[in-house]
Amino acid sequence: MINFQSSGKRTLKNLAAGKLKIDVLDCTLANGSVTPTIPGINWIPIKPATNAAFCAALVQKIIADKTYNADAISFTTQKAAVEGGYGAYTNATYLVIVDENHPNYRKLMRAADAGIDAPEEKDKDGKAVEQYVVIDAATGQPTLHSACSKGTLEFEGEVNGVAVRTGFSLLTETVNEYTMDEYAEITGVSVEDLERIAREYTSHGTRVGICHKGGSAASVNGIDTVMGAAVLHAIVGANQMIGGNAPNSPAPTTTGNGARYKLGAIEGKPDVSTKNACYISRTVKAWEKTDEYKNRVAAGEKDPKPLMPWFANGAASDSQALLSIVNKYPYQAKILTSFMCNTIQATPGAMRDEVVERLCDPEVLPLHIVCDVFVGEHAQYADYIVPDVTPYESFGLPTTGTTFTGYGTTVRWQVKEPESMKLADGRHASWETFLADVAEACGLPGWGEGALHDVDGKAWPLRDAADFYLKAVANLAYAEEPVADIDAQEAHLQGLDELPDSFKAAVSDEEWPKVQSVLSRGGRYWPMSYVHDADGRRSRGYQDENQTYFYSEKRATNKNCYSGKQLPGTLRYNPETFTDLSPMEDHFSREEYPFSASEHKPRFRSISMLSNSPVMRDLCSHNYIELNREDAADLGIKDGDKVCATTPLGDVSEGVAMVRAGQVKGAFALAFGYEHQNYGAQDIEVDGKATKGDPAIAAGVRIHQMLDPTVTGVTGDDVISIIAENDAASPGRCGGMFKIEKA
Amino acid sequence: MGSMDIDRRTFVSAMGALGALSVAGAALGSQPTAAVAAESAFPAPAKGKPVEASVDPKTGDVTVNEDVLVRYSGCVGCYCSCGNRVKLDRETGSVLGVGGNPYNPADAYPFLDFEAPLTEAYQSLSYANGKGNQLRGTICGRGNGTLDGYTQPDRITVPLKRAGKRGEGKWKAIGWDQLIKEVTEGGKLFAEIGEDREVMGFKELHDTKTPMNPDEPGLGPVSNQLVMLGSRSDGRGSFSSRFASTFGTINAYGHSSS
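Rules used throughout
- Along each chain, residue indices are assigned from 1 in the same order as the chain's sequence is written.
- By the order in which they are written, chains take letters starting at A while ligands take numbers starting at 1.
- Local features are withheld for residues below a pLDDT of 70 in this predicted model, meaning they are given only at 70 or higher, and side-chain atom pairs are given and counted only at 80 or more; totals for whole chains, interfaces and linings count all residues.
- Here exposure depends only on C-beta density: within 10 Å of a residue's C-beta, 20 or more other C-beta atoms make it buried, 12 or fewer make it exposed, and intermediate numbers make it partly exposed, the C-beta atoms being placed from the backbone.
- Secondary structure elements are defined from DSSP: runs of H or I of at least 4 residues count as helices, runs of E of at least 2 residues count as strands, and each element is numbered from the N terminus.
- Contact between two residues is assigned whenever their backbone-derived C-beta positions fall within 7 Å.
- Polar here means any residue outside two lists: the nonpolar Ala, Val, Leu, Ile, Met, Phe, Trp, Tyr, Cys and Pro, and the charged Asp, Glu, Lys and Arg; Gly therefore counts as polar.
- Strand pairing is assigned whenever DSSP identifies at least 2 bridges connecting the two strands.
- Here, axes are lines fitted to C-alpha atoms. For helices the fit covers the stretch in contact, and angles between N-to-C directions go from 0 to 180 degrees.
- Reported domain spans reflect what an automatic or database domain assignment gives.
- A set of buried Ala, Val, Leu, Ile, Met, Phe, Trp, Tyr and Cys residues, joined through C-beta atoms within 7 Å, is what we mean by a nonpolar core.
- We call two directions roughly parallel when the angle between them is under 35 degrees, roughly antiparallel when it is over 145, roughly perpendicular when it lies between 65 and 115, and oblique otherwise.
- The hand of a helix crossing depends on one turn: near helix anticlockwise from the far one by less than a right angle means left-handed, and clockwise means right-handed.
- The predictor attaches a confidence to each residue, and that confidence, scored 0 to 100, is pLDDT.

Caption draft 1: Geometry of helix α11 (residues 318-327) of chain A. With ten of ten residues buried, α11 of chain A lies mostly within the body of the structure. Residues of α11 of chain A that are buried in the fold lie against β9 (335-339), α12 (343-346) and α13 (353-359) of chain A together with β8 (226-230) and β9 (252-253) of chain B. Two residues or fewer past α11 of chain A, Lys328 of chain A is found with a positive phi of approximately 50°.

Below, the structure is given as structure tokens:
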């Protein structure tokens, strides 16, 4: 998550001084980041779900003009890059097997494929180090990537009788699958702008960057946005360079094994991991590797298909987990817990009657426990609600959002006594207290008496949040150089000398004044000079491995579990597809459904929160369906009209039109977090006392995305599945197909 | 403003009075009152929330109002992870207001050095020493609205148990011990509302050895059927992931993919 205040404050001064230029590629001109009063910053409207096309267009132009940094992308190891004055390397020169009949087709060439003897090298975890093959730039001969410092970027030929090409050569091909005119048509960004940005981007050495965040990849083809930005950073050598793409938010270890407490170590932890268990979200495992697949093949089934998609390259996915739960596939969730989230509303297309009905069915989900401060979207469908603490009453050590390159960590702590019930032993009800008590009742290792250990081996109890997080604060206080003890006068000013006894008891007497010192600042940040070095690299950790994949073997070898299709391993614009990788436009007419959608951060709500705040509702009672002026004129829609955006499957998002110039043509947008069903919008009754729901909390509109028609009701009669990213497993939030009409 | 023909000299002295009056977020709101007060030589009316300190605009001297505690912490108005400053009534412990944290680069830039004394933090919120609006931390509307959201009267403070069909919106308050006992022991938890179903509690589900499905042992043990959703950059995920790993489930999900 980007930190907007930090990035805004840091960029504004340089923009005003004419030392910085920013192009903001966004479907919607939102929230005032681009204003006529600030020079050097432009808004370039772009259509949703086309960011990869934008990146590919830039890369095409950069390769055509040879304005890339050939040095930086040719280094074959981190060591070579560091010696060459950079902080990162790529696999652009690594050879890829392109012989369709080779058993390792689409994989990177290994030493054995090339018939080269490789030294047996093991990494620090004892895993064998892979030896890839490159064409040594110095000799023109095939060699191991670790045996030379630079590889040849452009090579297409045979090594050891095997047809191979470099990742760079494959990239050149995939970014040239569309012409600049076609990229302009796809993205809505003019050829002139695409070429201007490509030139500008390659005119400042390594002091350029692309700041792209989750939303830019929140579409069914989103992974190529991520890959595009990665390639663009690497192609000019900007990774780990000051003014370029320095890593975000480096911080000392606090909640893990830190300077004072080993909070990550748990004795007697059960052996359950991705090695012997599957995520219910069907991620981190290829369909062909599942027991189900093997059993069905053994039973004689040819090419069996799963009920719901598996995502070999996807990480743990909460949206897919939710859909798995309502489908009871690949297994049933017996107990579901949640806190600080609203997965059902945040998963596009999931908050619908069919899903809610199943969540309410104890045969589908036997026990549902939700920890919340209000009866939110999840709590409404719970069996038990555990009272939670608010951010003023809870602990947490979050690092600053991305785009911050300094060193340190914020400490959020219990600045006021929680208003949740006080238990007999003085603790307050909260998510942490609940987990600690359930853990003790179940006899789980790592909880209760003697659960935590300091660096000297002394054991400490774990019964609530303070026990854990204040030790994490001690880790922060002692990181690098220990901080000074708190000044008595300052402790008095903030009332830190009157904190609960349990706080002081959570750490040693020696540590407590240093912990107080960190609490008094709400965290600990080192001066910026701590991370910057003189030669333009990030001084802390630039020697550490930082490799960019020009060619992703994992992507290239990921076989779609329904169609068997594979996407290229290099950056390419892939039009939006359904789960089986068939293009959406093969199923439905773009002429009939010409609009796509995007959501943006609201000013007057927060994610799925704050519709319950009267102040926020006074400022803005509902959001809008934001439409471009020309589109609205074509549709005969006026500002303030009630309009419907409807998918080919009949899902309707209904709201009030805001007709504006600050919206890209061909797409509509809305601020996220509106149209709640619960969270105070619903009637509730506690101990017989009824409270009427407030319809103002439900005001506004959210995007009702379509379900995936290639899976829903297809792979099984009652299967419900969302549109999602083939590799990342993330849901298709932006994009899709809609027609817009007056309601 | 009460007087539009205020001359420059009077205005400057009014601003001086303002600087001395308030260094906090309430400053703008109290500006007309202060200006009027200075011109008419009446004291500023005592209304609104107390300010935490005054800063002499000329010398930068800080006079702290000891009735008000200023604690620096972190905001969860959204997931940007800004720092914040929470003003509390020393006597009651209630929150008077929230603002930015000048020590935190997420909401102040440049930011105060960790070792800078708290007096500098107070000064950073005033115009004294030329530091105003440079080092002052800020918090956005969401961060302020969060305080409003969390102080609504329908806040849940005790455990609630379903007293009707799931989703029907009927609840009854129960004690903490009953909550822990029921969810860990399981049983016919909803017999009193006519549900005969046996519910598996945490204890029975905590079987880290037996495969949940003998035909598909790769799905994991019985304990992997606990699914936990929640947390993102609020920094509270450590507890959930610790619980999940000690319980024997890999199904702990942050809000990363919804």
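Caption draft 2: Main features of the interface of chain A and chain B. Each side of the interface is counted separately: chain A has 131 residues, and chain B has 109 residues. In terms of residues, the side of chain A that touches chain B owes the most to one element, helix α14 (residues 431-442) of chain A, which gives eight residues. Of the residues contributing to the side of chain A that touches chain B, the split by class is 69 nonpolar, 40 polar and 22 charged. Summarising the sheet, strand β11 (residues 384-387) of chain A and strand β6 (residues 160-162) of chain B pair through two bridges and their orientation is antiparallel.

Caption draft 3: The arrangement of the sheet that holds strand β8 (residues 162-166) of chain A in detail. All names here are of chain A. The three strands lie next to each other as β4-β8-β7, forming an open sheet whose pairing is antiparallel. Only two strands of the sheet have a single partner each, and these edge strands are β4 (95-97) and β7 (156-159). Between one strand axis and the next, the sheet turns through 45° on average, direction left out of account. Two strands pair when backbone bridges link them, and β7 and β8 are joined in this way by four bridges, in the antiparallel orientation. What sits directly across from Val159, in β8, is Val162. Here helix α6 (residues 167-175) sits on the sheet in contact with β4, β7 and β8, set at roughly 70° to β8.

Caption draft 4: Representation of the sheet that holds strand β3 (residues 68-74) of chain B. Residues and elements named next belong to chain B. With respect to topology, three strands assemble into an open sheet ordered β3-β4-β5, the strand pairing being antiparallel. Every other strand in the sheet has two partners, leaving β3 and β5 (95-99) as the edge strands with one partner each. Pairs of neighbouring strands in the sheet enclose a mean axial angle of 25°, with direction left out of account. In this sheet, strand β4 (residues 83-89) lies alongside β3 in antiparallel orientation, the contact comprising seven bridges. Bridge pairing in β4 links Val68 to Asp89.

Caption draft 5: Fine view of the domain arrangement of chain A. Residues and elements named next belong to chain A. The domain architecture assigned to chain A consists of domain 1 (249-281 + 316-530) and domain 2 (584-742). Put simply, the middle of domain 1 and the middle of domain 2, counted by C-alpha atoms, are 32 Å apart. On the side of domain 2, 24 residues touch domain 1, which itself brings 22 residues to the contact. Going through the elements one at a time, α11, α12 and α13 are the ones with two or more residues in the side of domain 1 that touches domain 2.

Caption draft 6: Broad picture of the nonpolar core. In terms of nonpolar packing, the biggest core is built from 252 residues, with Ala56, Leu58, Val59, Met109, Val473 and Ile625 of chain A touching the most fellow members. Counting residues per element, this core draws most heavily on helix α15 (residues 465-477) of chain A, at ten residues.

Caption draft 7: How the structure looks around the packing of helix α2 (residues 51-64) of chain A against helix α9 (residues 223-235) of chain A. All names here are of chain A. Direction vectors running N to C along α2 and α9 enclose 25°, while the axes themselves pass 8 Å from each other. In terms of axis orientation, α2 runs roughly parallel to α9. Considering how the two elements wind past one another, α2 and α9 form a crossing that is left-handed. Residue-level inspection shows Asn51, Ala52, Cys55, Ala56, Leu58, Val59 and Ile62 of α2 in contact with α9, the latter providing Asp224, Thr225, Gly228, Ala229, Val231, Leu232 and Ile235. Tallied by class, residues from the contact of α2 with α9 come to ten nonpolar, three polar and one charged.

Caption draft 8: Inspection of the pairing of β4 of chain B at higher detail. All names here are of chain B. Taken across its seven residues, β4 has six buried, putting it largely inside the fold. By the bridge criterion, four bridges tie β4 to β5 in an arrangement that is antiparallel. Across the sheet, the residue bridging to Leu88 is Val95, located in β5. Taking the residues that link successive antiparallel strands as the turn, the β4-β5 hairpin has five residues, and the phi of Gly93 there is positive, at about 75°.

Caption draft 9: Quick peek at the pairing of strand β24 (residues 735-742) of chain A. All names here are of chain A. Inspection of the sheet shows strand β17 (residues 595-600) paired to β24 by two bridges, in the antiparallel sense. What sits directly across from Ala597, in β24, is Gly735. As paired elements, strand β19 (residues 642-646) and β24 share four bridges and run antiparallel to each other. Note that in β24 the partner of Thr646 across the bridge is Lys739.

Caption draft 10: Representation of the environment of Phe190 of chain B in the model. All names here are of chain B. With respect to the helices and strands, Phe190 occurs in the loop between α5 (176-185) and α6 (202-205). As a C-alpha pair, Phe190 and Ala163 span 27 residues in sequence and 8.2 Å in three-dimensional space. If sequence neighbours within four positions are ignored, Phe190 has contacts with Arg162 and Glu195.

Caption draft 11: Looking closely at the confidence of the model for chain B. All names here are of chain B. Looking at chain B, pLDDT values average 84 and 80% of them are 70 or higher. Within the model, pLDDT remains below 50 along residues 1-40, and this stretch shows 60 contacts once partners closer than five positions in the same chain are excluded. Among the scores for the predicted complex, ipTM is 0.97 and pTM is 0.94.

Caption draft 12: Spotlight on unusual backbone geometry. Put simply, Tyr329 of chain A and Pro330 of chain A share a cis peptide bond, and its omega is 5°. The residue Pro330 of chain A is located in the loop between α11 and β9 in this model. Omega for the bond connecting Tyr109 of chain B with Pro110 of chain B falls within 30 degrees of zero, at 0°, which places this linkage in the cis form. Phi is positive for Ala729 of chain A, close to 70°, though the residue is something other than glycine. Within the element layout of this structure, Ala729 of chain A appears in the loop between β23 (689-691) and β24.

Caption draft 13: View of the domain arrangement of chain B. Entries for chain B in the domain assignment read domain 1 (1-48), domain 2 (64-155) and domain 3 (160-253). The C-alpha centroid of domain 3 of chain B is placed 38 Å from the C-alpha centroid of domain 2 of chain B.

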